[in-house]
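Report on the structure
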Amino acid sequence: MSSYKVVIVGGGLAGLTAALHLSKYGIESLLIEKEKYPRHKVCGEYVSNEVLPYLSSLGVDPFLFGAKKMEHFELSAVTGDSCKAVLPLGGFSVSRYTLDAKMYELLKEQEIAIIHDTVTDINFNGENFQIELKDNPSVGAEFVLGAYGKRSSLDSKLKRSFIRSHAPYLAVKAHYRGEYPDNVVGLHNFYGGYCGVSKIENEALNICYIVSYKEFKKYRNIEEFQEKVLFKNISLKSILQNSQMLFDKPLAISQISFESKSLIKDHVIMCGDSAGMIHPLCGNGMSMAILSARMIANLLLEYFNMPSMTRNDLEKKYRIQWKKAFSSRLRTGRFLSRLFEYKRLSLLLINYLKSYPAVIEQIIKRTHGKPVESI
Ligand SMILES: Cc1cc2nc3c(=O)[nH]c(=O)nc-3n(C[C@H](O)[C@H](O)[C@H](O)COP(=O)(O)OP(=O)(O)OC[C@H]3O[C@@H](n4cnc5c(N)ncnc54)[C@H](O)[C@@H]3O)c2cc1C
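The structure contained in this document is the topic of the report that follows. (Residues numbered from 1 in each chain as written. Predicted model: local features only at pLDDT ≥ 70, side-chain atom pairs only at ≥ 80, totals over all residues. Heavy atoms only, no water.)

1. Some remarks on the packing of aromatic side chains
- Tallied over the entire structure, the rule returns 13 aromatic pairs.
- Both rings, one in Phe-143 and one in Tyr-303, keep their centres 4.9 Å apart while their planes meet at 80 degrees; by these two values the pair is edge-to-face. Highlighted residues: Phe-143 in strand β9 (residues 139-146) and Tyr-303 in helix α8 (residues 285-305), separated in sequence by 160 residues. Tyr-303 shares its class with Phe-143; the two are buried.
- Ring-pair connections join several aromatic residues into one group, and the members of that group are Phe-190, Tyr-209, Phe-216, Tyr-219 and Phe-225.
- Directly above the ring of Tyr-54 sits Arg-294, whose terminal nitrogen or CZ lies 5.5 Å from the centroid.
- Positioned over the ring face of Phe-143 is Arg-311, at 4.4 Å from the centre of the ring. (Phe/Tyr/Trp six-rings, centres within 6.5 Å; stacked < 30°, edge-to-face > 60°. Helix = DSSP H or I, 4+ residues; strand = E, 2+ residues; numbered from the N terminus. Buried < 20%, exposed > 50% of the residue type's maximum accessible area, 1.4 Å probe, protein only. Lys NZ or Arg CZ within 6 Å of the ring centre and 35° of its normal.)

2. Thoughts on the nonpolar core
- Ile-131 and Tyr-318 are the most contacted members of the largest nonpolar core, which totals 79 residues.
- Tallying contributions element by element places α8 first for this core, with 13 residues.
- In terms of nonpolar packing, the next biggest core, distinct from the first, is built from 28 residues, Met-70, Tyr-169, Met-277 and Leu-281 among them. (Core = buried A, V, L, I, M, F, W, Y, C linked by side-chain atoms within 4.5 Å.)

3. Focus: α8
- Helix length check: α8 (21 residues) gives 30 Å between terminal C-alpha atoms against 30 Å at 1.5 Å per residue, within 8%.
- The buried count for α8 comes to 15 of 21 residues, which makes it a mostly enclosed element. (Expected span 1.5 Å × (residues − 1).)

4. Describing helix α10 (residues 343-355)
- Helix length check: α10, at 13 residues, gives a terminal C-alpha distance of 19 Å against a target of 18 Å (1.5 Å per residue), a fit within 8%.
- Every buried residue belonging to α10 is among Ser-346, Leu-349, Ile-350 and Leu-353, and all of these are buried. The arc enclosing the buried residues of α10, seen along the axis, measures out at 100 degrees, which places them on a common side. Across α10 from its buried face, at more than 90 degrees, point the exposed residues Arg-344, Leu-348 and Ser-355.
- Summarising the contacts, the buried residues of α10 are in contact with β4 (68-76), β5 (82-93), β11 (184-190), α9 (311-339) and α11 (357-367). (Arc of directions from axis to C-beta. Contact = heavy atoms within 4.5 Å.)

5. Comments concerning unusual backbone geometry
- Residue Pro-38 is reached from Tyr-37 by a cis peptide bond, and omega for that bond is -10 degrees.
- Tracing the backbone through its elements, the reader meets Pro-38 in the loop between β2 (29-33) and β3 (46-48).
- At Glu-111, a position not held by glycine, the phi torsion is positive, near 55 degrees.
- Within the secondary structure, Glu-111 is located in the loop between α3 (96-109) and β6 (113-116).
- Positioned with a positive phi, His-267 is a non-glycine residue whose angle comes to about 70 degrees.
- You can see His-267 is positioned in the loop between β16 (264-265) and β17 (268-270).

6. Overview of the pattern of salt bridges
- Going through the model one piece at a time under the given rule, you end up with 15 salt bridges.
- Across the pair Arg-160 and Asp-155 runs a salt bridge whose closest N-O atoms are separated by 2.9 Å. When sorted by exposure, Arg-160 lands in the same class as Asp-155, which is buried.
- One salt-bridge network, held together by shared partners, links Lys-68, Asp-182, Lys-199 and Glu-203. (Salt bridge = Lys/Arg side-chain N within 4 Å of Asp/Glu carboxyl O.)

7. Describing the pairing of β9
- Most of β9 sits inside the fold, with 7 of its 8 residues counted as buried.
- Looking at chain direction, strand β1 (residues 3-9) and β9 are connected through 6 bridges and run parallel. Across the sheet, residue Ile-8 finds its bridge partner in β9, namely Leu-145.
- Bridging between strand β8 (residues 129-133) and β9 involves 3 bridges; their strand directions are antiparallel. If you follow Ile-131 over to β9, its bridge partner there is Val-139. (Pairing = 2+ DSSP bridges.)

Next up, the structure:
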């Protein structure tokens, strides 16, 4: 059985980041991803600038592959009434199709071990892990990072408690050819959900929404839902009616929830959405995925360089650092998403924010951190 110091399960942004970071320091790692690159993912595709310097230190410059710089934020209520603000830190928009694939190419250039397969089970014997794969022989590891996203059959295998709770949301996304300012990220409310809009590379427009399944199931299909619900927001109606879809059909995913999760389960250390998912309303899940991967990669480096550090010390430090960095963002995200569920309240709020855009900037600051300089 081949064995590695670190096996990373899942090659989304968290897994790719951890692999790139560890490889910079010569830590023998293996990345296991079940899908092939490139591929589209249901995502708003807006990334906060807090990760830009760090990505650059890993050799990733999103502007080299066409990312659009985001400087303004537009928020509209279910009616289409809207307010605007400056994004305090700024951000960029680029498709996951391109971003994940470019990071993967970088890994390949650096000859990092990658297997395309599904991890079916992970077992810890008190010292090491044995990782079972669907189509390949098992592999061994001293550490396993769980970077397999918001929900996977592995969560059931590992008996993580959140998997038994109701997952009430679904999400839909497609790329379009359409008009929208190049430097504005829009968040448009509709009854039962929110829709993110931003330009990405190649002048395409990403339109991605999340909605409660309870509301969605009242309609026969995506088209009917969009016409009867999204179109009540006149801003969204105009954007959608004046755009031509570039996909054959929209991508849709279901079973999304924002439940708290165990950060470490049977010594598998979770990062990215596997550790906890912030509401997309905050537009910050990708930054959290990247930053949590950076956090655990740095702790692993500390562990490998410090013989006196135990597995328990590492796990304890990760819990403390993760909570300090992300707990308050997650709470704010849950609070905001509940607030916007009340139609009248959200209208009142948006009318208030129109007069006080500085308050929007304060809210954004509560869900975003400061730029992280480098590795
Ligand atoms: C509707 C919606 C809109 C969003 N909009 C934004 C936004 O605008 N900005 C933002 O910052 N965030 C946004 N997010 C959140 C963001 O998409 C996630 O936080 C981010 O993708 C998390 O990255 P990750 O690496 O943890 O997981 P993922 O990107 O989901 O990657 C997990 C990977 O693990 C692989 N995998 C799963 N199981 C296995 C297995 N058993 N074996 C091997 N591989 C496996 C999967 O194939 C996948 O590639 C949005 C999310 C949703 C749902």
